[in-house]
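# Reading the structure
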Amino acid sequence: MRMIAPSILSADFARLGEEIRAVDAAGADLIHIDVMDGHFVPNLTIGPDVVKALRPHSQLLFDVHLMISQPERYIDAFAAAGADILTVHQEAGVHLHRLVQMIRAHEIKVGISLNPATPAGTLEDIIDEIDLVLVMTVNPGFGGQKMIPGALKKISRLRELARNREKPLLIEVDGGITPETIGPAETAGADIFVAGSAVFKGTGDYRANIEALKGESA
Ligand code: DX5
Ligand code: ZN
């Protein structure tokens, strides 16, 4: 079963609590929250106070994607705000192992994200320490972009790197997921599918949009 994580980056920011309740009721499996700092990526979005304010609106896992430089400065704040999965970028972490330990200390799930040009192999020596890899299939910063052709290739390499683990590695894909691109992403080996525009834009029928992504609409 495909797990769908609607990205609230494409939701109505004036009604975020309501939007989260709506996608929860419509069959979402996780809530994906994109945190951007205007430095690691050009855009600015959500801080820990907003995550904290949203926390009571759903019991689904909050999947917090930190697209920020020096993520070590904010790990504790996002964990305290209610993140269940905290994902940092490989490219933003000078001391990735220390960052993983910092997140792990909060007893939440640890993710590392890879930009499209970052090889899977950069995670070889940390893969056994983490719960999830978030594979970016667009350049991070904005919703509504087209999936980069070839961006799914590294998923099989990640599976190969994770072959000796006791617990299976979760692989999440993020960027340009639509009812058309989700099939190839699943075939490549992903478990969790982030979708911003494919859930929140269009008709406003979130249930139909999520069902279309899960392949249940026909
Ligand atoms: C992009 C974000 C994504 C974004 C996906 O930097 O990490 O989570 O919201 O949006 P869509 O699904 O519209 O590509
Ligand atoms: Zn994201």
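Residues numbered from 1 in each chain as written. Chains lettered and ligands numbered in written order. Predicted model: local features only at pLDDT ≥ 70, side-chain atom pairs only at ≥ 80, totals over all residues. Heavy atoms only, no water.

This paragraph deals with the coordination of the zinc ion (ligand 2). Tetrahedral coordination by four donors places them ideally at 109.5 degrees to one another around the metal; octahedral coordination by six donors ideally gives 90 or 180 degrees. Every protein donor of the zinc ion (ligand 2) is listed here as His32 (NE2), Asp34 (OD), His65 (ND1) and Asp174 (OD), and their distances to the metal cover 2.0 to 2.3 Å. Around the zinc ion (ligand 2), the 6 donor atoms sit at angles spanning 70 to 171 degrees, and that spread fits a shape best called octahedral. Here the donor residues of the zinc ion (ligand 2) share one chain and are spaced in sequence as H-x1-D-x30-H-x108-D. Of this pair, aspartate 34 sits in strand β2 (residues 30-36) while aspartate 174 sits in strand β7 (residues 170-174); the two residues are 140 residues apart in sequence, bridging distant segments of the chain. Owing to a relative accessible area of 8%, aspartate 174 belongs among the buried residues under this scheme. (Donors = N, O, S within 2.8 Å, 3.2 Å for Na, K, Ca; no water. Tetrahedral: all angles 85-135°; square planar, octahedral: opposite > 155°, others 65-115°. Helix = DSSP H or I, 4+ residues; strand = E, 2+ residues; numbered from the N terminus. Buried < 20%, exposed > 50% of the residue type's maximum accessible area, 1.4 Å probe, protein only.)

Membership of the largest hydrophobic core comes to 61 residues, with the highest contact counts inside it found for Ile8 and Leu86. Here leucine 86 is in contact with Val64, Leu66, Ile75, Phe78, Ala79, Ile103, Ile108, Lys109, Val110 and Gly111, once residues within four sequence places are set aside. By size, the runner-up hydrophobic cluster in this structure holds 9 residues, among which are Leu30, Leu132, Met136 and Val194. (Core = buried A, V, L, I, M, F, W, Y, C linked by side-chain atoms within 4.5 Å. Contact = heavy atoms within 4.5 Å.)

The environment of ligand 1 is formed by 20 residues, the closest being Ser7, Gly141, Asp174, Gly196 and Ser197. Between an oxygen atom of ligand 1 and a main-chain N or O atom of glycine 141, the distance comes to 2.7 Å. Here an oxygen atom of ligand 1 and a backbone polar atom of glycine 196 are 2.7 Å apart. Protein burial of ligand 1: of its 390 Å² of free accessible surface, 99% is covered by the chains. Those elements that provide at least two residues to the shell around ligand 1 are β2, β3 (61-67) and β8 (192-195). At 3 residues, the largest contribution of residues to the shell around ligand 1 is made by β2. Along the lines of polarity and charge, the residues of the shell around ligand 1 split into 8 nonpolar, 10 polar and 2 charged. (Near = heavy atom within 4 Å. Polar contact = N/O pair within 3.5 Å; in protein donor to acceptor, adjacent residues only side chain to side chain. Areas by Shrake-Rupley, 256 points an atom, 1.4 Å probe, with all protein chains shown as cover. Nonpolar A, V, L, I, M, F, W, Y, C, P; charged D, E, K, R; others polar.)

Now for the packing of aromatic side chains. Summed over the entire model, instances satisfying the criterion amount to 1 aromatic pair. Ring centres of phenylalanine 200 and tyrosine 206 lie 5.2 Å apart, and the angle between their planes is 70 degrees; on these two criteria the pair is classed as edge-to-face. A residue is classified by how much of its surface remains accessible, and phenylalanine 200, at 7% relative accessible area, is buried. The ring of phenylalanine 62 carries the charged tip of arginine 55 above its face, separated from the ring centre by 3.6 Å. (Phe/Tyr/Trp six-rings, centres within 6.5 Å; stacked < 30°, edge-to-face > 60°. Lys NZ or Arg CZ within 6 Å of the ring centre and 35° of its normal.)

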